[in-house]
Amino acid sequence: MTSVPTLGQIPPGVVTLADHEAHARTVLDDNAWAYFSGGAADEITLRANREAWDALLLHPRVLRPMAGGHTRVRLLGRTLAHPVLLAPAAFQRMAHPDGELATAYAAAMQGAGLVLSTQASVPLETVAQAIRGEPGRGPLWFQLYMQHDRGFTRELAQRAEQAGYEALVLTVDASASGARDRERRAGFRLPDGVSAVNLANLPPAPTPALQPGQSALFDGLLATAPTWADVEWLQAQTRLPVLLKGVLHEDDARQAAALRVGGLIVSNHGGRTLDTVPATARVLPRIVAAVAGACPVLVDGGIRRGTDVLKAMALGAQAVLVGRPYVFGLANAGALGVAHVLRLLRDELEIAMALSGCATLEQATPSLLFRQS
Ligand SMILES: Cc1cc2nc3c(=O)[nH]c(=O)nc-3n(C[C@H](O)[C@H](O)[C@H](O)COP(=O)(O)O)c2cc1C
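Everything quoted here is computed from the prediction, not taken from an experiment. (Residues numbered from 1 in each chain as written. Predicted model: local features only at pLDDT ≥ 70, side-chain atom pairs only at ≥ 80, totals over all residues. Heavy atoms only, no water.)

## Details of the site of the ligand
Right, on to step 1. The ligand sits among 22 residues. The nearest are Pro88, Ser117, Thr171, Asp300 and Arg304.
Right, on to step 2. Measuring from a nitrogen atom of the ligand, one finds a side-chain N or O atom of Gln143 at 3.2 Å.
Right, on to step 3. Here an oxygen atom of the ligand and a side-chain polar atom of Arg304 are 2.8 Å apart.
Right, on to step 4. When grouped by side-chain class, the residues that make up the shell around the ligand number eight nonpolar, nine polar and five charged. (Near = heavy atom within 4 Å. Polar contact = N/O pair within 3.5 Å; in protein donor to acceptor, adjacent residues only side chain to side chain. Nonpolar A, V, L, I, M, F, W, Y, C, P; charged D, E, K, R; others polar.)

This is the structure we're talking about:
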């Protein structure tokens, strides 16, 4: 791995996030493609995420004053240049040798927030160090998978805090791996030299002696999966805000708000965990209503256009995250590819705001969405 990312070139004709995806198919081998692009089982949720944003229509206003307009938002006490963050995505060195380091530089250059995965293939300290001094960089958060060893989990959270991460994002929708049929068909395996380096010292999980009738899943893996008590435990271990990622039910959202979490990310893991759950665009308004302003609500899943970002804001999100598109940008052109994906989204968002009469994102309210009367 190089210490400063190499600069690639944007392939000719790549002008949208969909173009990046199509081009990435020609760059990535079948193994990596199955991992990065696939969803769980029949990929019903994967498709539903996209379809739900497409099904929402904007209802623009005209002749409004637009001077002084901007895409800035406030989030967890900071002002961000725009509301797009990069979602945690594991093993990015499988897309490009610079991996998460390139992603971090690109995020910093574009003022985008970055959520580094627990399963990053670059040490979390290296990523934080690389962008620490970058003026105008967005927030840097660490995504945490609760490990079977709580002592190790606490140390991981402390490492992130010491390295300068500003929030912990506890992912709660992946206590077991989804049925990744596409990966199994491709015979997916991690290439040599790519691994979850931040978990290198994790002690092996104990293998409990199962009694007859006990399940290897429920009494094995899930015996140490996080519960609500662990959310409180984690909050007690850190001074950082703890956000929950993967909340889809309004009752869970209320429970989380009662625990004073730092925020909620409405997510179905990009359709990679439980298939046939609803699209995030459909669930978002319920979660926003349930928390009633108690904490910020973010959303990811299928966001591919500036208009999708604007629709999410109109539904009450404070910010959005994108996953696959920037990994494809990374595969296509390293740091420059990730920066390009972010720039495209920012430009499209500005155009969408300008043409729908929103000078600021505060003006993106539910009335911006067309309702069939
Ligand atoms: C290749 C890949 C790896 C991912 N790894 C993680 C991860 O390590 N932790 C996590 O919380 N979410 C992970 N996710 C889910 C993303 O954070 C995000 O929820 C999802 O990609 C958003 O959907 P989109 O890809 O349609 O934008 C991963 C997603 C992809 C595509």
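## Comments concerning helix α5 (residues 124-131)
Right, on to step 1. Those residues of α5 not exposed but buried are Leu124, Val127, Ala128, Ala130 and Ile131. Along the axis of α5, the buried residues cluster in a sector spanning 160 degrees; they form a single face. (Buried < 20%, exposed > 50% of the residue type's maximum accessible area, 1.4 Å probe, protein only. Helix = DSSP H or I, 4+ residues; strand = E, 2+ residues; numbered from the N terminus. Arc of directions from axis to C-beta.)

## Comments concerning the sheet that holds strand β10 (residues 319-322)
Right, on to step 1. Reading around the circumference, β3-β4-β5-β6-β7-β8-β9-β10 is the order of the eight strands in this closed barrel, with parallel pairing throughout. Mean inter-strand twist for the sheet, computed between neighbouring axes without regard to direction, equals 25 degrees.
Right, on to step 2. Both strand β3 (residues 84-86) and β10 contribute to a ladder of three bridges, which runs parallel. Note that in β10 the partner of Val84 across the bridge is Val320. (Pairing = 2+ DSSP bridges. Axes fitted to C-alpha atoms, helices over the stretch in contact; angles between N-to-C directions.)

## Some words on helix α9 (residues 250-258)
Right, on to step 1. Of the positions making up α9, those classed as buried are Glu250, Ala253, Ala256 and Ala257. Along the axis of α9, the buried residues cluster in a sector spanning 115 degrees; they form a single face.
Right, on to step 2. Positive phi appears at Arg260, one or two residues downstream of α9, with a value of about 60 degrees.

## Some words on the packing of helix α3 (residues 44-55) against helix α10 (residues 280-291)
Right, on to step 1. The interhelical angle for the contact between α3 and α10, taken along N-to-C directions, is 70 degrees, at an axis separation of 7 Å. Between α3 and α10, the angle is such that the two are roughly perpendicular. Contact residues: Asn49, Ala52, Trp53 and Ala55 in α3; Thr280, Ala281 and Arg282 in α10. (Parallel < 35°, antiparallel > 145°, perpendicular 65-115°, else oblique. Contact = heavy atoms within 4.5 Å.)

## Some points on the packing of aromatic side chains
Right, on to step 1. Counting across every chain of the model gives five aromatic pairs.
Right, on to step 2. When the centroid spacing of 5.0 Å and the interplanar angle of 15 degrees are considered together, the rings of Tyr35 and Phe188 count as stacked. You can see Tyr35 sitting in helix α2 (residues 30-37) and its partner Phe188 sitting in the loop between α7 (181-185) and α8 (228-237), a full 153 residues away along the chain.
Right, on to step 3. Looking at Tyr35, the relative accessible area reads 10%, which means it is buried.
Right, on to step 4. For Phe188, a relative accessible area of 23% puts it in the partly exposed group.
Right, on to step 5. Taking 5.7 Å as the distance between ring centres and 75 degrees as the angle between the ring planes, the aromatic pair formed by Phe142 and Tyr165 counts as edge-to-face. Linking Phe142 in strand β5 (residues 140-144) with Tyr165 in the loop between α6 (150-163) and β6 (167-171), this pair joins segments that are 23 residues apart in sequence. Neither residue differs from the other here; Phe142 and Tyr165 are each classed as buried.
Right, on to step 6. One aromatic cluster is present, formed by Tyr35, Phe36, Phe91 and Phe188 through successive ring pairs.
Right, on to step 7. The aromatic ring of Tyr35 is capped on one face by Arg272, whose charged end is 4.9 Å from the ring centroid. (Phe/Tyr/Trp six-rings, centres within 6.5 Å; stacked < 30°, edge-to-face > 60°. Lys NZ or Arg CZ within 6 Å of the ring centre and 35° of its normal.)

## Regarding the pairing of strand β7 (residues 242-245)
Right, on to step 1. Residues Val242 and Leu244 of β7 are buried on one face, and the alternating residues Leu243 and Lys245, pointing to the opposite face, are buried as well.
Right, on to step 2. As judged from the four bridges shared by β6 and β7, these two strands associate in the parallel manner. Within the sheet, the bridge partner assigned to Thr171 lies in β7 and is Lys245.
Right, on to step 3. Taken together, the three bridges between β7 and strand β8 (residues 263-266) define a ladder with parallel strand orientation. Counted as the bridge partner of Leu244 is Leu264 from β8.
Right, on to step 4. For the handedness criterion, the β-α-β arrangement of β7, α9 and β8 is classed as right-handed. (Right-handed = clockwise from strand over helix to strand, strands pointing away.)

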